[in-house]
Each structure stands twice: as C-alpha cells, then as structure tokens.
Amino acid sequence: MGKKERPRPEMLSVYLYIPNIVGYMRVLLNCVAFAVCFSNKTLFSLLYFFSFCCDAVDGWCARRFNQVSTFGAVLDMVTDRVSTACLLVILSQVYRPSLVFLSLLALDIASHWLQMYSTFLAGKSSHKDVKDSTSWLFRLYYGNRIFMCYCCVSCEVLYIILLLIAKNQTESLLNVVVSTLTQISPLSLLLALTLFGWSMKQTVNIIQMKTAADVCVLYDIEKQQKNP
C-alpha cells in the first residue's frame, strides 16, 4: 500500500496560523501607534516597541506549532520594513537635516529588497544564508542571533529615543545627539549603546546591498555566457 498523502491545508488555515495572527496584531498595534505619534509620544513608544518585540514571538510560535509559512515570513519582513520606514519619515519631519533619515530609509529598503531578490536568484531557501560571504561582519550578523538582536533593537530604540527627546519640530539632529551624550545620565549611556549597534546595522546594510548587487550582476554575466 502506498503512503497516504498528507492533507493539503486550506488557504484560510494558512492565513489563520498562530504566528500570522500575531503578525496581524503587530500591524494593528503599529496603526494605532502612528495615529497618536505626535499627540502622545509615550503611548506611541510603548505600542511601537511592543509590536517590535512581537517579531520574536511570531517566530517562536512558527517553530513551536510547526506553522512556518512563506506568507508569514513575507508578512514579518514587510511589517518590519514599513514600520521602520514610517518612523524614519516622522523623524525626517522633526529633525534637520531630514535627508539623513530619508537616506536611512532608502538604504534599509534597498538592501533588504536586493538581498531577498539575490536569494531567489542564488536558489537559497533563506535570505539569512550568507555562509559564502567574504565579509566576517555580514556572516556574524546573520549567524549570531545575539549580535543580530542587539543591532536591530539598537536601531529601533535609538529612533524611539530621538522622537522622545525632540522638543520642537525643527531640531538640529547633531545638536540634540551631542547635547544628550555629554550629559551624565542613564539616557546618555543608553544613547551611546544604541548608537554603536545602529552603526553596525547600517554597515551591514551597506555590505548586504553591495553583496546582493554582485549576485545579480554575476547572474546576468552567466546568463549572457549561456546565451551568446
């Protein structure tokens, strides 16, 4: 007798996976957070950071309940990128020069989009598979969960701090950062710690973008050689 085929899950059941429901909750939390971002910065920060922390929860649920899905992975990444992009846009309206935050937004989206596309071209199952990279920092970032977590948390916490400490809507970014760092306080220490993790994350984004672009170019070269 042949083996019985496993029943194919219905489309609705995948949408209702526990980790995906957590993902929908993250989207809802972010919508509420950004709706009050100017009127209640404290509430915004709590909601935004809680949504960010739920990123780890949906990953745990996916593994715990064996509900890993491509849709869930895409939902997770899109939620991360869109929420960070929205916060960067808000910061660009609070601080000068605004181009700093808009550039960070462009780098974040470009590097991750290129990484996902190059993963597809290379035939890899995950964008985190960078064992063949020549950059030790790139391998460390995706290979060490603690380091990756530190860099990601640093970015989000830094952006939240910048929003909270802004008093006006035309603040000088450099003046605010320097002023906060020169004060001897827990806030200045936290700002320094997050700045280092943030700088590591931006360096990784640049490496990721260049590495992914190289994969795309090599794919084009190989394609031209096969079809002269």
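Residues numbered from 1 in each chain as written. Predicted model: local features only at pLDDT ≥ 70, side-chain atom pairs only at ≥ 80, totals over all residues. Heavy atoms only, no water.

(A) Fine view of the overall build of the protein. If you tally the helices and strands in the protein, you get nine helices and two strands. Along the protein, helices (α) and strands (β) appear in the sequence α-α-α-α-β-α-α-α-β-α-α when read from the amino end. Overall, the protein is about 75 × 45 × 30 Å in size when its C-alpha atoms are taken along their principal axes. Burial status across the protein gives 40% buried among its 228 residues. A sequence separation of at least 24 residues applies to 71% of the contacts in the protein between residues at least 6 apart. Carbon and sulfur atoms make up 67% of the accessible area of the protein, which amounts to about 14100 Å² in all. Looking at the protein, you have 20 positive and 14 negative side-chain charges, and the mean spots of the two groups are 4 Å apart. (Helix = DSSP H or I, 4+ residues; strand = E, 2+ residues; numbered from the N terminus. Buried < 20%, exposed > 50% of the residue type's maximum accessible area, 1.4 Å probe, protein only. Contact = heavy atoms within 4.5 Å. Areas by Shrake-Rupley, 256 points an atom, 1.4 Å probe, with all protein chains shown as cover. Lys, Arg positive; Asp, Glu negative; His and termini not counted. Charge placed at Lys NZ, Arg CZ, Asp CG, Glu CD.)

(B) Spatial organisation of the nonpolar core. By size, the foremost hydrophobic cluster in this structure holds 32 residues, and its most contacted members are Phe44, Leu87, Leu91, Tyr95, Phe101 and Leu162. When residues of this core are traced back to their parent elements, those giving at least two are helix H2 (18–35), helix H3 (41–64), helix H4 (70–94), helix H5 (99–122), helix H7 (145–165) and helix H8 (173–181). With nine residues, H7 is the single largest residue contributor to this core. Aside from chain neighbours lying at most four places away, what touches leucine 162 is Leu91, Tyr95, Phe101, Leu173 and Val177. Residues Val130, Tyr142, Phe147 and Met200 belong to the second largest nonpolar core, which totals 10 residues. (Core = buried A, V, L, I, M, F, W, Y, C linked by side-chain atoms within 4.5 Å.)

(C) Structural detail: the pattern of salt bridges. Under the defined criterion, the tally for this structure stands at seven salt bridges. Residues participating in the shared-partner salt-bridge network are Arg26, Asp55, Asp76 and Asp80. (Salt bridge = Lys/Arg side-chain N within 4 Å of Asp/Glu carboxyl O.)

(D) Molecular detail of the layout of surface pockets. Approximately 280 Å³ is the volume found for the second largest pocket. Together, 19 residues line the second largest pocket, and Lys124, Asp132, Ser133, Thr211 and Val215 are the ones closest to its centre. Looking at the lining of the second largest pocket, the elements that each hand over two or more residues are H5 and helix H9 (186–226). Residue contributions to the lining of the second largest pocket peak at five residues, all from H9. Here the lining of the second largest pocket is built from residues that sort into six nonpolar, nine polar and four charged. (1 Å grid on protein atoms, 1.4 Å probe; cavity = no way out; pocket = protein on both sides within 12 Å on 5 of 7 lines; lining within 4 Å. Points joined across faces, edges and corners; volume = space filled by probe spheres on them. Nonpolar A, V, L, I, M, F, W, Y, C, P; charged D, E, K, R; others polar.)

(E) Structural detail: H9. With 41 residues, H9 should reach 60 Å at 1.5 Å per residue; the first-to-last C-alpha distance of 60 Å fits that figure. Listed in full, the buried residues belonging to H9 are Ser188, Leu191, Thr194, Gly197, Met200, Lys201, Gln202, Val204, Asn205, Gln208, Ala212 and Cys216. Packing partners of the buried residues in H9 comprise H5, helix H6 (136–143), H7 and H8. (Expected span 1.5 Å × (residues − 1).)

(F) The packing of aromatic side chains, seen in detail. Counted under the stated rule, the structure contains 11 aromatic pairs. Between tyrosine 95 and phenylalanine 101, the ring centres sit 6.0 Å apart and the planes meet at 40 degrees, which makes this aromatic pair tilted. For tyrosine 95, a relative accessible area of 0% translates into the label buried. Among the residues examined, phenylalanine 101 registers a relative accessible area of 2% and is labelled buried. Between the aromatic rings of tyrosine 141 and tyrosine 142, the centroid separation amounts to 5.0 Å while the plane-to-plane angle is 80 degrees, which identifies the pairing as edge-to-face. For the pair formed by tyrosine 141 and tyrosine 142, the shared burial category is buried. Through pairs of rings, three or more aromatic residues link up here, namely Phe34, Phe44 and Tyr48. (Phe/Tyr/Trp six-rings, centres within 6.5 Å; stacked < 30°, edge-to-face > 60°.)

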